[in-house]
Amino acid sequence: MKSIIYKFLFVTGLFSAVACEDLQTVNVDPNNPSDIQSNILMAGVEKQIMDNVYDNWFSGRQCLVYSQYWAQRNYTEEDRYQIRESTNNNYFNYFYQSAANLEAIIEMNTNEATAPRMAAYGDNNNQIAAAKILKVWLYQLMTDTWGAIPYSEASKLTEGKFYPKYDEQSEIYSGLMAELDDAVSLIDESKPAFTSGDRIFDGDASKWKKFANSLKCRLAIHLSKVDSNWKTYIAEALASGVFESNDDNAVYTYSVTAPEQSGFYIGFFEDKRNDFTITRPFVDLLKGQKDTLNAKSHPWEGTVDPRLPIYTTSVDGNYVGMPYGIASNEIMPAMVGAAPDWYSPTSHPVTLNADFPVPLMTFAELQFIISEYKGFSAAEYKEGIKASLEYWSGINGSPISASQIDSYITAVSENVTPETVALQKYIDLYMNGTEAWVEYRRTGYPTQIIKPGEISCIVDGEPLVFDPLSETKGDIISRVKYPTNESTLNGANFKAAVAKLQDGENNYYSKMFWDVRTTSNPHPANK
């Protein structure tokens with residue numbers, strides 16, 4: 001069987017995704033991208049990616065759980081790393097479908113037979129650049145989830161690449177860096193990227209360029225412990241132009257009108273799945289409380305984060321979180337009752353709003369990256385906190401006052417260290433579980449995360465510990481297993497990739513190439 005998931009043009013779902021667009025052609029050949037408008041395809045693939053990444057499955061039952069922002073209220077097996085194979089197979093396929101659609105946009109604007117017609121929907125080179133940039137964002141997420149994956153030979157079914165090889169993660173990162181540089185070189189800021197259909201930057205080529213360079217900084221900071229050139233990459237990006245304020249944030253904004261609502265809203269209020277709530281470790285971090293159960297300190301003990309009432313709701317006036325990593329049969333009514341129930345259309349966090357703007361990358365994240373780049377500088381650290389507070393309060397519609405911002409920044413800035421920068425980045429990345437999970441694996445922070453064997457809560461005087469259902473070698477999950485479908489669809493390359501993993505097994509504990517933490521050195525310095 002040919003592994004078609006690497007070259008699949010997604011058309012059937014485009015029409016619900018772009019209800020606001022001018023659909024001039026409905027009867028299209030799903031195997032012929034020349035019959036599709038590139039702006040319509042871009043609108044569809046943007047929504048396809050956002051719907052699949054930021055939903056109650058890939059995020060809710062995986063990345064938001066791995067980064068310990070969320071815990072499940074009912075079925076906690078995924079919190080304990082017993083992942084549903086059907087979900088893993090599906091999302092691996094979905095992401096490659098999206099990557100193939102982005103490749104199709106590039107082809108439509110490159111091919112001499114189709115490029116002139118596509119120019120009506122935006123400058124050809126700018127369209128190519130935007131598709132490349134979004135593809136890099138997607139592949140970074142994919143490789144940092146599974147590790148080595150098909151990249152250089154993916155989306156090349158028409159070239160006879162039916163069984164693409166798995167590229168080493170270091171090679172993928174090199175390729176992604178090159179693609180970003182190429183995309184930036186193509187951009188003409190005086191012309192639109194798309195005349196319509198772009199829900200991230202509304203076709204603004206200048207903002208796509210800033211996103212590319214900011215994304216290059218993210219990739220570079222991931223490499224900071226394994227590649228001595230990481231500072232050069234960031235210096236190049238800064239010179240070319242990065243995010244300058246929250247106005248430049250890469251954000252996909254949903255709508256209150258069906259079928260354009262956020263995946264989190266749909267999961268809770270249409271699919272009727274009230275499975276999730278905020279975790280106790282994260283709430284304690286926001287409340288300025290140390291973890292006395294596991295003798296873990298807090299760098300700003302007693303300082304309450306102004307984002308707390310934005311990220312969650314209170315229970316009888318108190319902010320509490322769900323104990324993390326306990327077995328389903330241990331979720332007692334009293335424990336669930338202590339955690340906020342978000343299943344209310346009128347009383348829930350802003351993150352569950354139908355029109356929640358999902359951040360792909362923000363100015364605040366970039367400032368924390370630059371702070372680390374400059375040796376953990378105080379100026380960028382403070383600017384990152386300020387940008388985060390203003391961004392989140394703006395979404396919430398309840399602005400945090402300037403005096404509150406100043407007071408909080410003063411309280412958390414007495415000593416700027418690798419830990420404080422990592423913690424503030426972690427707090428800001430809420431709802432972006434994929435990147436927060438990367439940062440924990442790269443830095444070892446926050447230490448407040450509950451590790452296997454540590455105490456989650458006390459019940460009837462007895463400690464309940466976080467006991468994973470899959471081997472993790474003593475830390476939180478390091479990767480997701482390769483999907484089982486790959487063993488049959490791309491068997492030889494699947495086996496070769498598995499053989500390179502630790503112990504030669506398709507496991508959860510083989511580290512990413514940029515994760516060089518050890519038991520003796522859990523927080524290694526940058527190179």
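Predicted, not measured: the structure shown is a model, and the values here were computed from it.

1. Here's the deal with the overall build of the chain
Step number 1: Secondary structure summary: the chain contains 20 helices and eight strands in total.
Step number 2: For the chain, whose C-alpha radius of gyration is 22 Å, the value lies close to the compact-globule estimate of 24 Å for 527 residues.
Step number 3: Expressed as lengths along the three principal axes of its C-alpha atoms, the size of the chain is roughly 70 × 50 × 50 Å.
Step number 4: With 527 residues in all, the chain has 61% of them scored as buried.
Step number 5: If you take every contact in the chain between residues at least 6 apart in sequence, the share linking residues at least 24 apart comes to 76%.
Step number 6: As displayed, the chain offers around 19300 Å² of accessible surface, 49% of which is attributable to carbon and sulfur atoms.
Step number 7: Across the chain, 44 positive and 67 negative side-chain charges occur, with their mean positions spaced 4 Å apart.

2. Points about the packing of helix α4 (residues 85-110) against helix α6 (residues 124-146)
Step number 1: In contact at an axis separation of 9 Å, α4 and α6 are set at 160° when each is read in the N-to-C sense. Compared by their axis directions, α4 and α6 come out roughly antiparallel. Seen along the crossing, α4 lies across α6 with a hand that is left-handed.
Step number 2: Considering only residue class, the contact of α4 with α6 consists of 16 nonpolar, six polar and three charged.

3. Here we look at the pairing of strand β8 (residues 462-465)
Step number 1: Pairing of strand β7 (residues 455-459) with β8, which is carried by four bridges, proceeds in the antiparallel orientation. Counted as the bridge partner of Ile-455 is Val-465 from β8.

4. Describing the environment of Ser-174
Step number 1: With respect to the element layout, Ser-174 can be found in helix α7 (residues 169-186).
Step number 2: Measuring from C-alpha to C-alpha, the distance between Ser-174 and Leu-219 comes to 9.6 Å, with 45 residues separating the pair along the chain.

5. Quick notes on the environment of Pro-349
Step number 1: With respect to the element layout, Pro-349 can be found in the loop between α13 (333-338) and β6 (357-361).
Step number 2: It is 21 Å that separates the C-alpha atoms of Pro-349 and Asn-249, two residues lying 100 residues apart in sequence.
Step number 3: Among residues more than four places away in sequence, those in contact with Pro-349 are Ile-310, Tyr-311, Thr-312, Thr-313 and Trp-342.

6. A short note on the packing of helix α15 (residues 378-396) against helix α17 (residues 418-428)
Step number 1: The N-to-C vectors of α15 and α17 enclose an angle of 15°; their axes lie 10 Å apart at closest approach. Classified by the angle their axes make, α15 and α17 are roughly parallel. Between α15 and α17 lies a crossing whose hand is left-handed. Listed contacts from α17 to Tyr-381, Ile-385, Ser-388 and Trp-392 of α15 are Thr-420, Val-421, Gln-424 and Asp-428.

7. Comments concerning the packing of aromatic side chains
Describing an aromatic ring pair means giving the distance of the ring centres and the angle of the ring planes.
Step number 1: Scanning the model with the defined rule gives 45 aromatic pairs in all.
Step number 2: Positioned above the aromatic ring of Trp-437, the side-chain terminus of Arg-441 is 3.6 Å from the ring centre.
Step number 3: The positively charged end of Arg-479 is found above the aromatic ring belonging to Tyr-482, 4.5 Å away from the centroid.

8. What to know about the nonpolar core
Step number 1: Residues Trp-70, Trp-137, Trp-208, Phe-211, Phe-282, Tyr-430 and Tyr-482 are the most contacted members of the largest nonpolar core, which totals 154 residues.
Step number 2: The element best represented in this core is α6, accounting for 13 residues.
Step number 3: Once residues within four sequence positions are removed from consideration, Trp-208 is found in contact with Met-42, Glu-46, Ala-130, Ile-133, Leu-134, Ile-187, Ala-193, Asp-198, Ile-200 and Phe-201.

9. What to know about the side chain of Ser-388
Step number 1: Counting through the fold element by element, Ser-388 comes out in helix α15.
Step number 2: Within the local environment of Ser-388, its side chain forms a polar contact with the side chain of Arg-307, the two groups lying 2.7 Å apart.
Step number 3: If near-sequence neighbours (up to four positions away) are discounted, Ser-388 is found in contact with Arg-307, Ala-364 and Asp-428.

10. Examining α15
Step number 1: Between its first and last C-alpha, α15 extends 27 Å over 19 residues, near the 27 Å set by a 1.5 Å rise per residue.
Step number 2: Looking one or two residues past α15, Gly-397 carries a phi angle of roughly 80°, positive in sign.

11. Things to note about the confidence of the model for the chain
Close reading of the predicted structure is inappropriate where its pLDDT is low.
Step number 1: Residues of the chain with pLDDT of at least 70 account for 93%, and the chain-wide mean is 92.
Step number 2: For residues 1-5, every residue scores under 50 in pLDDT, and the model assigns this stretch 13 contacts once sequence neighbours within four places are set aside.
Step number 3: In the predicted structure, residues 7-31 sits below a pLDDT of 50 and forms 51 contacts with residues beyond four places in sequence or in another chain.

12. Focus on unusual backbone geometry
Step number 1: Residue Pro-259 is reached from Ala-258 by a cis peptide bond, and omega for that bond is 0°.
Step number 2: Along the chain, Pro-259 turns up in the loop between β4 (250-253) and α10 (263-270).
Step number 3: Despite not being glycine, Asp-202 shows a phi value in the positive range, around 55°.
Step number 4: Take Asp-202: it is sitting in the loop between α7 and α8 (205-222).
Step number 5: With relative accessibility at 66%, the residue Asp-202 sits in the exposed group.

13. Regarding the pattern of salt bridges
Two side chains that carry opposite charge are able to pair once their charged atoms sit near each other.
Step number 1: All chains considered together, the criterion is met by 32 salt bridges.
Step number 2: Note that Asp-167 is salt-bridged to Lys-165, the shortest N-O span being 3.9 Å.
Step number 3: Note that Lys-500 and Glu-168 form a salt bridge whose closest N and O atoms lie 2.8 Å from each other. With Lys-500 in the segment after α20 (491-499) and Glu-168 in the loop between β3 (166-167) and α7, the pair connects residues that are 332 residues apart, well separated along the chain.
Step number 4: The class for Lys-500 is exposed, based on a relative accessible area of 58%.
Step number 5: If you follow the salt bridges from partner to partner, you end up with Glu-103, Lys-132, Lys-135, Glu-179 and Asp-182 in one network.

Criteria and cut-off values
- Residues numbered from 1 in each chain as written.
- Predicted model: local features only at pLDDT ≥ 70, side-chain atom pairs only at ≥ 80, totals over all residues.
- Heavy atoms only, no water.
- Helix = DSSP H or I, 4+ residues; strand = E, 2+ residues; numbered from the N terminus.
- Rg over C-alpha atoms; globule rule 2.2 N^0.38 Å.
- Buried < 20%, exposed > 50% of the residue type's maximum accessible area, 1.4 Å probe, protein only.
- Contact = heavy atoms within 4.5 Å.
- Areas by Shrake-Rupley, 256 points an atom, 1.4 Å probe, with all protein chains shown as cover.
- Lys, Arg positive; Asp, Glu negative; His and termini not counted.
- Charge placed at Lys NZ, Arg CZ, Asp CG, Glu CD.
- Axes fitted to C-alpha atoms, helices over the stretch in contact; angles between N-to-C directions.
- Parallel < 35°, antiparallel > 145°, perpendicular 65-115°, else oblique.
- Left-handed = near helix turned anticlockwise from the far one by under 90°.
- Nonpolar A, V, L, I, M, F, W, Y, C, P; charged D, E, K, R; others polar.
- Pairing = 2+ DSSP bridges.
- Phe/Tyr/Trp six-rings, centres within 6.5 Å; stacked < 30°, edge-to-face > 60°.
- Lys NZ or Arg CZ within 6 Å of the ring centre and 35° of its normal.
- Core = buried A, V, L, I, M, F, W, Y, C linked by side-chain atoms within 4.5 Å.
- Polar contact = N/O pair within 3.5 Å; in protein donor to acceptor, adjacent residues only side chain to side chain.
- Expected span 1.5 Å × (residues − 1).
- pLDDT = per-residue confidence, 0-100.
- Salt bridge = Lys/Arg side-chain N within 4 Å of Asp/Glu carboxyl O.

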